[in-house]
Structures are given as C-alpha cells and as structure tokens.
Amino acid sequence: MIIHILEHTGLRDEVIESVKKNPNLKLKFGPLEDKLFAQINGIYTELSFVLDKSFLSKYPSLNYVATPTTSLTHIDTEYCSNHGISIFSLKNKQELISDFTSTPEIAWWHLIELSRNCSKAQSSVVNGEWNRKDFFRNSFSNKNFGIIGFG
C-alpha cells in the first residue's frame, strides 16, 4: 500500500519512522509526479488541503483518506462514499479526543495574547527595546470570559 502524506506537521517523527518499517507500506511526501497518482492507495492530510472531487479524482486507486480532524468540511465525503473510499477521522470520536487539550490551550493562548500583547512585548525585549508603558494592557482580574466557537 502506498500512502500519500500531503502534510505531516501533526505526525511525530517516531510515528513516521515506525510506519516506514512496515514492508507493506510506502510513504510518499509532498508533490507527486503525475505517473504516481495511480499507485496511491491512501492519503493522509490535516487541514491545509481541500480534498474535493477534482483533487480526489486524480487518485484512481484511492481506498482510504485519513485525517486527524473532527470536521470533514475539507473532504468531499459524498465523492468518497460514491467511490468506495473510506475516511478515517476523529469525527464523533469524543472518547478518543477527550484528553486532547490543544484546542482549548490555543484558545486561552489567543485570549492572553489579545489581552496582554505578548508577541509585541517579546519582540521588543529581543530587539533590546523595552518601553514598559507600551505593554500595559487589561488584567484578567475581575473579568468573565466566554469562548464561543466550533472546533
């Protein structure tokens, strides 16, 4: 089986090395030569690629799409269903992702960044500047926060 890894920022190096040790699996990274599309059996992608009909139709031997996402808005699920392509994702897998904290951590990071202007303050220090009054911002003290979003 040949798997096309479209992006692998979320894959740990040890996972990739482990998969490479399996003699039945071959990984192809990044752009492919046209002749290789027919050999690909699986695709791994995160969110940077939209796997619509025109994209997926380039892979005539495609059987699987794997994505570590809870949303499938970047994949043409109807095309996959009509062409016998199985999709493996985290959609409706709350029991698997209940311990993942990255999304709420990033939400809090953004909240602190917006409140405290941390990136500009850090850059100021790195550049040998520090004008403290430029970075007085809101404190979280006596504030209520709510996070509304989809993810």
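I will try to describe carefully the structure that is included in this document. Nothing here was measured: the structure is a model prediction, and the numbers come from that model.

A count of helical and extended segments in the chain gives six helices and five strands. Listed N to C, the secondary structure of the chain is β-α-β-β-α-β-α-β-α-α-α in terms of helices and strands. The globule rule puts the C-alpha radius of gyration for 151 residues at 15 Å, and the 21 Å found for the chain is more than 25% above it. Once the C-alpha set of the chain is aligned to its principal axes, its extents read approximately 60 × 35 × 30 Å. For the chain, with 151 residues in total, the buried portion stands at 27%. In the chain, once contacts between residues fewer than 6 apart in sequence are set aside, the share between residues at least 24 apart is 39%. Counting every atom, the chain has about 11000 Å² of accessible surface; 53% of that belongs to carbon and sulfur. A distance of 4 Å separates the average location of the 16 positive side-chain charges in the chain from that of its 16 negative side-chain charges.

The next point concerns the sheet that holds strand β1 (residues 2–5). Taken in spatial order, the five strands of this open sheet run β2-β1-β3-β4-β5, and their pairing is parallel. Each edge of the open sheet is held by one strand with a lone partner, namely β2 (26–29) and β5 (86–88). Ignoring strand direction, the axes of neighbouring strands in this sheet form an average angle of 20°. Relative to strand β3 (residues 42–44), β1 is paired through three bridges, and the arrangement is parallel. Bridging from a neighbouring strand, Ile5 pairs with Tyr44 of β3.

Now for the nonpolar core. The biggest cluster of nonpolar side chains holds 18 residues, and the ones touching the most others in it are Ile40, Ile43, Leu51, Leu56, Tyr59, Leu62 and Val65. At the level of secondary structure, the elements contributing two or more residues to this core comprise α2 (53–56) and α3 (77–82). Those residues in contact with Tyr59, other than ones at most four positions away along the chain, are His4, Leu6, Leu32, Phe37, Ile40 and Ile43.

Let us now look at the environment of Ile106. With respect to the helices, strands and loops of the structure, Ile106 is situated in helix α5 (residues 102–116). Sequence-wise, Ile106 and Lys120 are 14 residues apart; in three dimensions their C-alpha atoms are separated by 18 Å.

Here the structure, examined in full by the defined rule, presents four aromatic pairs. Between Phe49 and Phe55 the ring centres are 6.3 Å apart and the planes differ by 50°, which places this aromatic pair in the tilted class. Among the residues examined, Phe49 registers a relative accessible area of 30% and is labelled partly exposed. Exposure remark for Phe55: the relative accessible area of 16% places this residue in the buried category. Here Tyr64 and Phe88 contribute two aromatic rings whose centre-to-centre distance is 5.8 Å and whose plane-to-plane angle is 35°, an arrangement assigned as tilted.

Take the pattern of salt bridges next. This structure, assessed with the given rule, holds two salt bridges. We note a salt bridge from Glu17 to Lys20, for which the minimum N-O separation is 3.8 Å. You can see Glu17 and its partner Lys20 sitting in helix α1 (residues 13–20), three residues apart, about one turn around the helix. When its relative accessible area of 42% is taken as the criterion, Glu17 is described as partly exposed. Lys35 serves as the salt-bridge partner of Glu33, at 3.7 Å between the closest nitrogen and oxygen. Its relative accessible area of 62% is what places Lys35 among the exposed residues.

The rules behind these values
Residues numbered from 1 in each chain as written. Predicted model: local features only at pLDDT ≥ 70, side-chain atom pairs only at ≥ 80, totals over all residues. Heavy atoms only, no water. Helix = DSSP H or I, 4+ residues; strand = E, 2+ residues; numbered from the N terminus. Rg over C-alpha atoms; globule rule 2.2 N^0.38 Å. Buried < 20%, exposed > 50% of the residue type's maximum accessible area, 1.4 Å probe, protein only. Contact = heavy atoms within 4.5 Å. Areas by Shrake-Rupley, 256 points an atom, 1.4 Å probe, with all protein chains shown as cover. Lys, Arg positive; Asp, Glu negative; His and termini not counted. Charge placed at Lys NZ, Arg CZ, Asp CG, Glu CD. Pairing = 2+ DSSP bridges. Axes fitted to C-alpha atoms, helices over the stretch in contact; angles between N-to-C directions. Core = buried A, V, L, I, M, F, W, Y, C linked by side-chain atoms within 4.5 Å. Phe/Tyr/Trp six-rings, centres within 6.5 Å; stacked < 30°, edge-to-face > 60°. Salt bridge = Lys/Arg side-chain N within 4 Å of Asp/Glu carboxyl O.

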